[in-house]
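Residue-level structural notes
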Amino acid sequence: MRPPVEFCVLVLSLLAPGVLYVMNNIPALQEPLPILGIGMVVLGFVLLLLLITVPTKMNVDPLFYVFAVFPFTCMAGLTNALEHDGFISGFMGFYIKMGEPHLSTAYAVMMSYWEGLVHLVLFLTIIHRMFRGKSYRSLGLLWAGSSIAHQMVHIPGVVIGKYGANIRPAFWRNVPFFLVPFWAASLLFSRPREVPVIPADKISAEQKKGLLSRPVDLLLSVLLLGAMAFSVFRGFVVLDCPLDTCFTYVYQYEPYLKDPVGFPRVMMLVYLFYALPLLTVFTYGLKTPGCSWMLDWTIFFAGAMAQAQWCHIGASLHSRTPFTYRVPADKRWPVITLNVLLAAVPALLALRCHTNPTYFMKAVPEGRTNNEKKKN
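Residues numbered from 1 in each chain as written. Predicted model: local features only at pLDDT ≥ 70, side-chain atom pairs only at ≥ 80, totals over all residues. Heavy atoms only, no water.

**Topic: the packing of helix α7 (residues 137–160) against helix α8 (residues 174–190)**
Two elements in contact, α7 and α8, have axes separated by 9 Å at closest approach and are oriented at 150 degrees. Crossing hand, α7 versus α8: left-handed. Each of R137, G140, L141, W143, A144, S147, I148, Q151, M152, H154 and I155 in α7 lies in contact with α8, whose residues at this interface are N174, F177, F178, P181, F182, A184, A185, L188 and F189. Here the contact of α7 with α8 is built from residues that sort into 14 nonpolar, five polar and one charged. (Axes fitted to C-alpha atoms, helices over the stretch in contact; angles between N-to-C directions. Helix = DSSP H or I, 4+ residues; strand = E, 2+ residues; numbered from the N terminus. Left-handed = near helix turned anticlockwise from the far one by under 90°. Contact = heavy atoms within 4.5 Å. Nonpolar A, V, L, I, M, F, W, Y, C, P; charged D, E, K, R; others polar.)

**A closer look at the packing of aromatic side chains**
This structure, assessed with the given rule, holds 23 aromatic pairs. Ring centres of F64 and Y65 lie 5.1 Å apart, and the angle between their planes is 70 degrees; on these two criteria the pair is classed as edge-to-face. For Y65, a relative accessible area of 23% gives the class partly exposed. What links up through ring pairs into an aromatic cluster is the set F67, F70, F123, W143 and F177. The aromatic ring of Y253 is capped on one face by K331, whose charged end is 5.4 Å from the ring centroid. (Phe/Tyr/Trp six-rings, centres within 6.5 Å; stacked < 30°, edge-to-face > 60°. Buried < 20%, exposed > 50% of the residue type's maximum accessible area, 1.4 Å probe, protein only. Lys NZ or Arg CZ within 6 Å of the ring centre and 35° of its normal.)

**Observations concerning the confidence of the model for the protein chain**
Counting all residues, the mean pLDDT for the protein chain is 91, and 95% of those residues have values of 70 or more. Confidence drops under pLDDT 50 across residues 369–376; counting only partners more than four residues distant or on other chains, this segment forms five contacts. (pLDDT = per-residue confidence, 0-100.)

**Structural notes on helix α12 (residues 263–287)**
If you check α12, its first and last C-alpha atoms are 34 Å apart, about what 25 residues at 1.5 Å a residue would give, namely 36 Å. The principal kink in α12, of about 40 degrees, is found at A275, preceding the proline P277 by one to four residues. (Expected span 1.5 Å × (residues − 1). Bend = angle between axes of the 7 residues up to and from the residue.)

**Quick look at the environment of K134**
Tracing the sequence through the fold places K134 in the loop between α6 (106–130) and α7. Exposure remark for K134: the relative accessible area of 43% places this residue in the partly exposed category. On a C-alpha basis, the gap between K134 and M294 in space is 22 Å, while along the polypeptide they are 160 residues apart.

**Observations regarding the pattern of salt bridges**
Going through the model one piece at a time under the given rule, you end up with 11 salt bridges. Where R137 meets D296, a salt bridge forms, and the shortest distance between an N and an O atom there is 2.7 Å. With R137 in helix α7 and D296 in helix α13 (residues 294–317), this residue pair connects regions lying 159 residues apart in the sequence. Of the two residues, R137 and D296, neither departs from the other in class, the shared state being buried. When the shortest N-O distance is used, the salt bridge between K331 and D330 registers 3.1 Å. If you follow the salt bridges from partner to partner, you end up with R137, R193 and D296 in one network. (Salt bridge = Lys/Arg side-chain N within 4 Å of Asp/Glu carboxyl O.)

**Here we look at the nonpolar core**
Core analysis: the biggest nonpolar cluster contains 105 residues, and F64, F67, Y107 and W143 have the highest contact counts within it. Broken down by element, this core gets its largest block of residues, 14 residues, from α6. Setting aside its immediate chain neighbours within four residues, W143 contacts V66, F67, F70, H119, L122, F123, P181 and A184. (Core = buried A, V, L, I, M, F, W, Y, C linked by side-chain atoms within 4.5 Å.)

**Re the side chain of S147**
Positionally, S147 belongs in helix α7. Excluding its chain neighbours within four sequence positions, the residues that come into contact with S147 are H119, F177 and P181.

**A look at the side chain of H102**
With respect to the helices, strands and loops of the structure, H102 is situated in the loop between α5 (93–98) and α6. A polar contact of 2.9 Å, which involves the side chain of H102, links it to the side chain of H154. Aside from chain neighbours lying at most four places away, what touches H102 is A108, H154, V158, Y163, F171 and F263. (Polar contact = N/O pair within 3.5 Å; in protein donor to acceptor, adjacent residues only side chain to side chain.)

**Considering the environment of I198**
Looking at the secondary structure, you find I198 in the loop between α8 and α9 (200–207). Given a relative accessible area of 17%, I198 falls into the buried group. Linking I198 and M361, residues 163 residues apart in sequence, is a C-alpha distance of 8.7 Å. Those residues in contact with I198, other than ones at most four positions away along the chain, are I203, P357, T358 and M361.

**What about the environment of V238?**
By secondary structure assignment, the location of V238 is in helix α10 (residues 215–238). By relative accessible area, which is 8% here, V238 ends up buried. In this structure, the C-alpha to C-alpha distance between V238 and K258, residues 20 residues apart in sequence, is 7.2 Å. In contact with V238, other than residues within four places in its own chain, are L257, R265, M268 and L269.

**Focus: α13**
The first and last C-alpha atoms of α13 sit 34 Å apart over 24 residues, in line with the 34 Å expected at 1.5 Å per residue. Extensive coverage of α13 is indicated by the burial of 20 of its 24 residues.

Pasting the structure below:
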């Protein structure tokens, strides 16, 4: 009897710490180009083992190979986080020195925890559902949003930050990890979503209600407007807005926004130019009936914001961030509360859309509704 596929994937991902340990103890493997080459060869070997593991008679979704190979990098990320927080040693020294020096930053450590815990669990759950014929589309979109947000901050942050002058060949391994989630997201968005069967008259009755008659949606709209204002404000802060309010905020509340590593500055600009438009259209979707795209995009966005805010909050408090850039102790709770709310609002919106999607279903024409009633 073959073991479950997700178990095989987990076992293969556990090879990552072993590979890192071996390379950390063999000087010949610690030069920049060999590090990149060995990384690509090992990932190719993992893919080959997966091709052997999966029964040849099975019609395997091409996304399986994404969800099965990426756990290897998740485990490498978790190894990086554990070593920099002092839980283990002897794995990452060579890679930080000759591969990707920026992985020693507080932001990268928090990013590595997210990859090694949240992404790994998502991958294993998706594979479990995939081989049992269950839907995994929503979980896939959650991962895609998280992964795209990760790389949209990670790659530009390295290039424009203080580590931009010390980019080594191993850094370019991130390019396929940036492109593949976009491809995966396009496949997932193009597939039909699973929605409950809702009577046409119920859809019509729900969609006739105004925003004031839907208190939960009204509250979410107010929270979305607050998130929009906060995103604009912090975007202005990192763009060196001369207003006294911006000056006070960056020096007394979130000095991490000025950390020269570059990640917080890029993140605030991503919020300003990408998250802000999405928050705007979500506000529109809560007001306008029949916006079925809300069911997909809210999940995608919730994953992106959860990942981004986890890294931002953690890095602004982490001991690897210089003391002058950490959130001041007397301002910690208001800053943490605002940042947690920024992550919670998209999650609550996605939850609302999926627990009661009636308002977002496509409206049924009146004549068709009446004909269906006559048949019944």
